[in-house]
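# Geometric and topological summary
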Amino acid sequence: DIQMTQSPSSVSASVGDRVTITCRASQAISSSLAWYQQKPGKAPKLLIYGATNLQSGVPSRFSGSESGTDFTLTINNLQPEDFATYSCQQANSFPLTFGGGTRVEIK
Amino acid sequence: EVQLVQSGAEVKKPGQSLKISCKGSGYDFPNYWIVWVRQVPGKGLEWMGLISPSDSNIIYSPSFQGQVTLSADKSINTAYLQWDTLKASDTAIYFCARSPMKFFDYWGQGTLVTVSS
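Thresholds applied
- Residues numbered from 1 in each chain as written.
- Chains lettered and ligands numbered in written order.
- Predicted model: local features only at pLDDT ≥ 70, side-chain atom pairs only at ≥ 80, totals over all residues.
- Heavy atoms only, no water.
- Helix = DSSP H or I, 4+ residues; strand = E, 2+ residues; numbered from the N terminus.
- Rg over C-alpha atoms; globule rule 2.2 N^0.38 Å.
- Buried < 20%, exposed > 50% of the residue type's maximum accessible area, 1.4 Å probe, protein only.
- Contact = heavy atoms within 4.5 Å.
- Areas by Shrake-Rupley, 256 points an atom, 1.4 Å probe, with all protein chains shown as cover.
- Buried area = accessible area lost by both parts, 1.4 Å probe.
- Salt bridge = Lys/Arg side-chain N within 4 Å of Asp/Glu carboxyl O.
- Pairing = 2+ DSSP bridges.
- Axes fitted to C-alpha atoms, helices over the stretch in contact; angles between N-to-C directions.

Let us now look at the overall build of chain A. Within chain A, the secondary structure is distributed over 0 helices and 11 strands. Mapped in sequence order, the helices and strands of chain A form the string β-β-β-β-β-β-β-β-β-β-β. Computed over the C-alpha atoms, the radius of gyration of chain A is 13 Å, within 12% of the 13 Å expected from 2.2 N^0.38 for a compact globule of 107 residues. Projected onto the principal axes, the alpha-carbon positions of chain A cover approximately 35 × 25 × 25 Å. Residues counted as buried form 45% of the 107 residues belonging to chain A. Partitioning the contacts of chain A with sequence separation of at least 6, the portion at a separation of at least 24 is 55%. As displayed, chain A offers around 4,900 Å² of accessible surface, 43% of which is attributable to carbon and sulfur atoms.

Residue and element names in this part refer to chain A. Structurally, phenylalanine 83 is set in the loop between β8 (70-75) and β9 (85-90). You can call phenylalanine 83 buried: its relative accessible area is 14%. Placed 71 residues apart in sequence, phenylalanine 83 and serine 12 show a C-alpha to C-alpha distance of 9.4 Å. In contact with phenylalanine 83, not counting residues within four places along its chain, are Ala13, Ser14, Val15, Lys39, Leu78, Val104, Glu105 and Ile106.

What follows is about the interface of chain A and chain B. At the junction of the two partners, chain A supplies 18 residues and chain B supplies 17 residues. Interface of chain A and chain B: buried area, both sides summed, is about 1,500 Å²; carbon and sulfur atoms make up 71% of it. The interface formed by chain A and chain B holds 0 salt bridges in total. Secondary-structure elements contributing two or more residues to the side of chain A that touches chain B are β4 (33-38), β5 (45-49) and β9 of chain A.

Another point: the sheet that holds strand β3 (residues 18-25) of chain B. Residue and element names in this part refer to chain B. With respect to topology, 4 strands assemble into an open sheet ordered β1-β3-β8-β7, the strand pairing being antiparallel. Here the strands that pair on one side only, and so sit at the sheet edges, are β1 (3-6) and β7 (69-73). Averaged over all pairs of adjacent strands, the angle between strand axes in this sheet comes to 20°, irrespective of strand direction. Taken together, the 4 bridges between β1 and β3 define a ladder with antiparallel strand orientation. Residue pairing for β3: leucine 4 is matched across the bridge by glycine 24.

Quick look at the structure:
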């Protein structure tokens, strides 16, 4: 199975900050990575697929990048509605696997 | 508008059976895989498996193989997740989602399953 190691597990930030979250895959997954946002009591929401493609309707302050087996989600100009938990997911091979999640909290 | 609507919360006793549902609308239901994802409250997301509603082809996560059964009825645009014998450790929120290419673009609202004696 492909392991997805996500860091940090939590981050405290202020409105207007830039936040970066990283996922490292245990083996090569090409660009087959998605990022999700989840708020308490709600279903996850797709933000980015294919490592860098912004899902329709998602604000452009969200972006994804990749370098080998390292993948990064960047949130620029953090907004109040962005405080949530973010998870990565590899879409390269079965079984599909998620990272452990990163909670973005208000500083 | 694409929607996935799941059945309501369930409270069951250990050893009982259960089948929860996920009804799709607003898109061509047979042409997209449906996945199921488990989330124990306060924990991360776990992929359980996926099913093709067009031909009921199924791929299970090894962690859930033999523990649950996926099925689908394309005539009513509905996918199902079933347990024959529930355990307390099955207590979780279960999400269905549409899967165009092994990622998940639309999600159901989740079904809370509580298993307690």
